[in-house]
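# Coordinate inspection notes
For reference, the chains in residue letters:
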Amino acid sequence: MTWETVIGLEVHTQLATQTKIFSGASTEFGAEPNTQACAIDLAMPGTLPVLNEEALRMAVMFGLAIDADIGKISAFERKNYFYPDLPKGYQTTQLEKPIVLGGHVDIELADGSTKTIRIHHAHLEEDAGKSLHEDFHGMSGIDLNRAGTPLIEIVSEPDMSNADEAVAFAKKLHAIVTSLEICDGIMAHGSMRFDVNVSVRQLGDELGTRTETKNLNSFRFMEKAIKKEVERQIDLIEDGGSVRQETRLYDGDTDIARSMRSKEEANDYRYFPCPDLLPIEIDQAYIDAIKASLPELPEARHQRFMEQYQLSSYDAGVLGDDAATAQYFETTADQCDDAKLAANWVSGELAAKLNSEDMPIQQSPVSAEQLAALITRISDKTISNKMAREVFDAIWQGEGEPDAIIEARGLKQVSNSGAIEVMVDEVIANSAKQVDNYRNADVAKRPKMLGYFVGQIMTASKGQANPQQVNKILLSKLNALL
Amino acid sequence: MSIDRTDIEKLGELARIAVTEENIEATTRSINEVLALVDQLQSANTANVKPLANPLDATQRLRHDQISESNHRDDFQPLAPATENGLYLVPKVID
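Residues numbered from 1 in each chain as written. Chains lettered and ligands numbered in written order. Predicted model: local features only at pLDDT ≥ 70, side-chain atom pairs only at ≥ 80, totals over all residues. Heavy atoms only, no water.

### Some details on the overall build of chain B
When its secondary structure is counted, chain B shows three helices and three strands. Secondary structure elements in chain B, listed N-terminal to C-terminal, are α-α-β-α-β-β. In terms of overall dimensions, chain B is more spread out than a globule: its C-alpha atoms have a radius of gyration of 22 Å, far above the 12 Å expected for 95 residues. Reported as C-alpha extents along the three principal axes, the dimensions of chain B are approximately 55 × 45 × 25 Å. Within the structure as shown, chain B displays about 7400 Å² of accessible surface, and the carbon and sulfur contribution to it stands at 54%. Positive and negative side-chain charges of chain B, numbering 9 and 16 respectively, have mean locations separated by a distance of 6 Å. (Helix = DSSP H or I, 4+ residues; strand = E, 2+ residues; numbered from the N terminus. Rg over C-alpha atoms; globule rule 2.2 N^0.38 Å. Areas by Shrake-Rupley, 256 points an atom, 1.4 Å probe, with all protein chains shown as cover. Lys, Arg positive; Asp, Glu negative; His and termini not counted. Charge placed at Lys NZ, Arg CZ, Asp CG, Glu CD.)

### Details of the overall build of chain A
Helix and strand content of chain A: 15 helices and 18 strands. In terms of overall size, chain A is more extended than a compact globule, its C-alpha atoms giving a radius of gyration of 30 Å where 482 residues would be expected to give roughly 23 Å. Projected onto its principal axes, the C-alpha positions of chain A cover 95 × 55 × 55 Å. Out of the 482 residues belonging to chain A, those deemed buried represent 49%. Long-range pairs, those at least 24 residues apart, make up 68% of the contacts in chain A between residues at least 6 apart in sequence. With the model as given, the accessible surface of chain A reaches about 22700 Å², and the carbon-plus-sulfur share is 49%. In chain A, 47 side chains carry a positive charge and 75 a negative one; their mean positions are 6 Å apart. (Buried < 20%, exposed > 50% of the residue type's maximum accessible area, 1.4 Å probe, protein only. Contact = heavy atoms within 4.5 Å.)

### Regarding the confidence of the model for chain B
Detailed reading of predicted coordinates is not advised where the pLDDT is low. Looking at chain B as a whole, the pLDDT averages 90, with 98% of positions reaching at least 70. Our summary of model confidence lists the complex with pTM equal to 0.81 and ipTM equal to 0.87. (pLDDT = per-residue confidence, 0-100.)

### Quick word on the domain arrangement of chain A
Accessible area lost during the coming together of the parts is what is often quoted as the interface size. Entries for chain A in the domain assignment read domain 1 (3-286), domain 2 (296-408) and domain 3 (417-480). Between domain 2 of chain A and domain 3 of chain A, the C-alpha centre-to-centre distance is 35 Å. (Domains from an automatic or database assignment.)

### Some remarks on the state of the cysteines
Evaluation of the coordinates by the stated rule reveals zero disulfides over all chains. Left unpaired, C38 of chain A is separated from the closest cysteine sulfur, that of C274 of chain A, by 16 Å. (Disulfide = S-S within 2.5 Å.)

### Focus: the pattern of salt bridges
Residue and element names in this part refer to chain A. Evaluated as defined, the whole model comprises 32 salt bridges over all chains. Among the ionic pairs, K340 bridges to D315, the shortest N-O distance being 3.4 Å. Of this pair, K340 sits in helix α8 (residues 339-356) while D315 sits in helix α6 (residues 313-320), placing them 25 residues apart in sequence. Residue classification places K340 among the partly exposed residues on the basis of a relative accessible area of 41%. On the basis of relative accessibility, which here comes to 14%, the residue D315 falls in the buried class. (Salt bridge = Lys/Arg side-chain N within 4 Å of Asp/Glu carboxyl O.)

### Let's talk about the interface of chain A and chain B
Contact with chain A, which involves 60 residues of that partner, is made by 39 residues of chain B. Buried area between chain A and chain B, both sides added, is near 4300 Å², and the carbon and sulfur share of it is 59%. For chain A, the biggest contributors to the area lost against chain B are E53, F82 and L278 of chain A; these three give 14% of the whole. Viewed at the interface, chain B and chain A are joined by one salt bridge. (Buried area = accessible area lost by both parts, 1.4 Å probe.)

### Thoughts on the sheet that holds strand β6 (residues 90-93) of chain A
Across the sheet, which stays open at both edges, the three strands sit in the order β6-β5-β17 (chain A) with antiparallel pairing between neighbours. Every other strand in the sheet has two partners, leaving β6 and β17 (272-273) of chain A as the edge strands with one partner each. (Pairing = 2+ DSSP bridges.)

### Re the side chain of S431 of chain A
Residue and element names in this part refer to chain A. Locating S431 in the fold gives a position in the loop between α12 (417-429) and α13 (432-440). Here S431 falls in the buried class, since its relative accessible area comes to 3%. Apart from residues no more than four positions distant in its own chain, S431 is found in contact with Y452 and F453.

Written as structure tokens, this is what we have:
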């Protein structure tokens, strides 16, 4: 049987505003519990929400970046349900008149072709608080700092047909929102969270029953969760069963997915227009002004990186898709004047280290300026690549600036040809037998015999002689003896 | 449109409002009276009327994105039945 997978995504994207969507409380991540939950966020009686102009502007920016229509009149609805991290008993969201309508995001597939993923709409809404399920004497702990953080929920059409496409789409969205600087994109902070709708069908059949897996907060977990769910649905149907429409939870750490125990009526949200908020009206001049000030988008930057820094399309993608990485790379490349080396270091050594420590590039202990200074010392041949890796680790450990570390550890590569010549002369003078062997050897065998001399010279220089120069000088001196 | 006691029971559960056996009849009747009024409104010709999200003839005012609320946790937390380490404690909720 040939199975076809149909995937749609709902992406919750936290907007990078200073304050909440409807209150003046801070949205900064990592504060002490409930110190950023004000009377409005706590749903105290008598409070009224007032919309944050920056949240609106950011939502419009997103809409313009994906070629969508902007709702000139949009409105908020109440989505009613009870959960302790939602103090009001409803989430203020948009249903009938969202701010962003339609639009599309283009993804590049493995074979190099492009696929267009349509966006159904994106709407403004408030985030909920956090429930901590550790045991507090049989109770749950609630932190409402996140309650009221502005979100746009981006809803795609079911245009993706496998996990790879879904991940490519999610990464592209991440690239767009970070480039627009409307979201910090830090996955570990929950700045972007994915709900995945998956169904399977036999080729040509009508759409199958879909399940929704909620709250995936990394690309890798999303990929694993989709693959697992597709497999589960196919197994179920092939064994004569059927897929039940349900909401599922996936735990990335244990790789276990389970059905959320939810009652039938849980999905009856009884939306109605929020009487506390008036309709939002924006005009064409407002939209045009935002359009004129849109920053560079990932596709344009990709192209520019290829031209300006002579990068391959692959490197331009790795370095240019994520705005924070792009900015880091540009600072490094501009300050060290060797874009190719900068590209190798940012996408190689740095990326690997960040990855292994699970750290966003914004928090890199090695700054772009420090990396640029380090690369400059490779370019001017003060240190070898191998030494540079040692210095890089030392900067990472907080030992200070590259030049100071090079000095302190005595890592300077000897490139002074005079100094190298003296060492070469000494080694040749002390190796009469090896020089004789070299002289009498077959021409083809001579290159192999150089290893002995190079080894002696590197030992004499304590590993600090520039190997290329040692080779060059040694060869010319030996050949002069022939 | 009218609703029966099954709808009222479901609504009561959704809204977390206790509808007792003694008052379910009366509640059903009074909500049906409200719905009858809505039916009457439905019969009005609205062909030339635009949908309205709010009865006020005004649009939403916006707020500058500036922090205006400071930490008042110590004032709010005594109002809650249980708190610990700055967290509000609630009966255990598991999905």
